[in-house]
Amino acid sequence: MKKFLAAICAAMLLMTGCGGEETQEPSLEDYPTRVKAIKVLQTSAPLTLSYSGQVVDRDEMKVQSKVSGSVVEKYVKGGQEVVEGQRLFKIDDRQYQSALLQAEANLAQSQTNLAKERVDLQRYEELWESNAISEQTLTNQRAAVKSKEAEVAANEAILQKAEDDLADTIVYAPMSGRLGIDDVSVGTLATAGNTPLATIGVVDPVFVQFAVSEQEYLRLSRKEEDPNAHFKISLTLADGSSYPYYGEFAEYDRTLGNDTGTLTIRTLFKNPNGLLVPGMYARVEIDGLMIPNAMLVPERALQQLLGETLVIVAQSDNKSAVRKIQLGEKIGSYYVVKSGLKADDWVIVEGLTNLRDGMPLEVTQVTAREMGFSFTPSEKIFDAEKNATK
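What you see is a predicted model, and the numbers here were worked out from it, not measured in a lab. (Residues numbered from 1 in each chain as written. Predicted model: local features only at pLDDT ≥ 70, side-chain atom pairs only at ≥ 80, totals over all residues. Heavy atoms only, no water.)

Trainee: Would you take a moment to explain the sheet that holds strand S4 (residues 69-74) for this structure?
Mentor: As a general point, the strands of a sheet are linked pairwise by backbone hydrogen bonds and lie either parallel or antiparallel. Here we have four strands laid out as an open sheet, ordered S7-S6-S4-S9, and antiparallel in their pairing. Two strands lie at the open edges of the sheet, namely strand S7 (170-172) and strand S9 (189-190), each paired on one side alone. Relative to S9, S4 is paired through two bridges, and the arrangement is antiparallel. In the sheet register, Gly69 faces S9, and the bridge partner there is Ala190. (Pairing = 2+ DSSP bridges. Helix = DSSP H or I, 4+ residues; strand = E, 2+ residues; numbered from the N terminus.)

Shown next as C-alpha cells:
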C-alpha cells in the first residue's frame, strides 16, 4: 500500500512541478508561422495598356440619287462588295427622256431663230452702209440677235441638265466598299438628295477606337515623339482569339470628353478577309511603354482592408510587419508600388492566413519562376529578378 501511494505522489509531482503550480501550454503564436516570401522587384518594367475597343468604318457614306423617281431596278444586293463606279440602282427615266427630247427641240428652234436673225442683221448692215435704213433699225436688229443668242445659250443649259438628269437615273457606287443590308427595294420612291438608297463603307482597313485617360494620352503622345519608339498594338476578339494583324495609331480626337475626361483614339487595322465588322467589340492592348526603375510586388501579396492596400513584410528578425502601400499600374502578375516599401523588403506571398503584425515567422525565400509570376509570357521578368537579387 505504501508503494502505491508513493507512485501516486511521484506522478503528481511530475504534473505540478516542484512548486506545486500547474505549467501553461505554449500559445500557437509562440510557434513560427511558415510562410513564403519574395523580394520586392525593382527594375524597368514593360507596361501594357489595355482598353475595350470598338470596330468602326474607316469611311461610310449614304448612297442617294441625284434625281427623284421610283427605283425600277437593282444591280446589287445588301452586304455585297462593290467597287467605285459600279452600277447600284436604276431610277424610272421616262420623264427624264421626255424632258431631254423637249430640251433638244427647244434648242433646235432657238438655233433656227438665231440663224434667221443673223441673216437679217447681215442684210441690215448692207442697207445701212447705203443709207437705206436708219442706224436705229440696225441697232434694234443687233439687239435681236443678242437676245436669240442668249435664248440658245439658255436652251443649251437646259439640254445639258436634261442629259445629266437622264444619266443620273443610274446610281453608281461613289467608292469601293461593302454595302449594308439597309438597301431599298424595287418600287421605293426616291427623293433627290434625300432618300438613302444604301449605305456603303470601307472594310479594309478599318478603325478600332477606344478611350484613354488624360494621363495615358500624355504617356502615349510623349512616347510617339521618341524616334526610337515602337508600339505594338494588338487585338483580342470576343471569342478569346488573337487577331493576326497589328495596328497603328491613326487619329486622335481634338478634345477630352466633358463628362468622361477621356480622349478617343482610333487605330488602323488591316482587314483583308473582312473578319472585323463595324460595331464589333475587341480588347486593344498596346505594348512598347516602359516604367523606369519601377518597384513591383506580386498581386498575391496584396490585402485590402477598409479601402487601404496592405502587404506583410518578413523582417530581418523573422517577424512580420504590416505595411500600407500605394499602388500604381498592374503589370502581369505584379503591381507597381508608388510608396510604402523599400527595394530590399521581402513580402509574404504564401501563408498569409491569420498572419498579423509582429508574429514570428519561418521564412522560405522564393523566386518569381517558382511562384509562376511574370510581366508577360516572356522570360524577361526572371532575368530582371536575378539581377535585382544579386
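Trainee: Sorry if this is basic, but what is going on with the environment of Glu149 here?
Mentor: Examined against the element boundaries, Glu149 turns out to sit in helix H3 (residues 135-167). Judged by its relative accessible area of 32%, Glu149 falls in the partly exposed class. Distance from Glu149 to Glu117, taken between C-alpha atoms, is 9.6 Å for residues 32 residues apart in sequence. The residues touching Glu149, leaving out its near neighbours within four places in the chain, are Leu114 and Arg118. (Buried < 20%, exposed > 50% of the residue type's maximum accessible area, 1.4 Å probe, protein only. Contact = heavy atoms within 4.5 Å.)

Trainee: Could you clarify how one ought to interpret unusual backbone geometry in this entry?
Mentor: Peptide bonds are, in most cases, trans, and in most cases residues other than glycine have a negative phi. Residue Pro205 is bonded to the preceding Asp204 through a cis peptide linkage, with omega at 0°. Structurally, Pro205 is set in the loop between strand S10 (196-201) and strand S11 (206-213). The phi dihedral of Asn131 is positive, around 60°, even though this residue is not glycine. Counting through the fold element by element, Asn131 comes out in the loop between helix H2 (94-129) and H3. A positive phi is found at Leu306, a non-glycine position, where the angle reads about 50°. Mapped onto the secondary structure, Leu306 falls in the loop between strand S16 (303-305) and strand S17 (308-314).

Trainee: Could you clarify how one ought to interpret the sheet that holds S10 in this entry?
Mentor: Pairing is antiparallel across the open sheet formed by four strands, whose spatial order is S3-S10-S8-S5. The sheet is open, and its two borders are formed by strand S3 (60-64) and strand S5 (81-82), each paired with just one other strand. Pairing analysis gives two bridges linking strand S8 (residues 177-179) to S10, with the strands arranged antiparallel. Across the sheet, the residue bridging to Leu179 is Ile200, located in S10.

Trainee: Hey, could you run me through the environment of Lys77 in this one?
Mentor: Turning to its location among the elements, Lys77 is positioned in the loop between S4 and S5. Of the residues examined, Lys77 reaches a relative accessible area of 60% and is grouped as exposed. Taking the C-alpha atoms as reference points, Lys77 and Leu88, separated by 11 residues in sequence, lie 8.7 Å from one another. Not counting chain neighbours up to four residues away, the residues in contact with Lys77 comprise Leu179 and Asp183.

Trainee: Looking at this structure, how should I read H3?
Mentor: Residues spaced three or four apart along an α-helix point in a common direction, a consequence of the helix completing one turn every 3.6 residues. With 33 residues, H3 ought to run about 48 Å at 1.5 Å a step, and its terminal C-alpha atoms sit 48 Å apart, in line with that. Buried residues of H3: Leu138, Gln141, Val145, Val152, Asn155, Leu159, Ala162 and Asp165, and no others. Where H3 is buried, its residues contact H2. (Expected span 1.5 Å × (residues − 1).)

Trainee: Please explain the pattern of salt bridges as it appears in this structure.
Mentor: Pairs may arise between side chains of opposite charge once their charged atoms sit close together. Within this structure, the stated rule accounts for 21 salt bridges. With a shortest N-O distance of 3.6 Å, Arg123 and Asp120 are connected by a salt bridge. Of the two residues, Arg123 and Asp120 are both situated in helix H2; the distance of three residues between them amounts to about one turn of the helix. Given the relative accessible area of 15%, Asp120 is considered buried. Between Lys324 and Glu308 there is a salt bridge whose closest N-O contact spans 3.4 Å. Residue Lys324 is located in strand S18 (residues 320-331), and its partner Glu308 is located in strand S17; the two are separated by 16 residues in the primary sequence. For Glu308, a relative accessible area of 37% gives the class partly exposed. In this structure, a network of salt bridges that share partners links the residues Lys36, Arg300 and Glu350. (Salt bridge = Lys/Arg side-chain N within 4 Å of Asp/Glu carboxyl O.)

Purely geometric stuff here, so don't read any function into it on its own.
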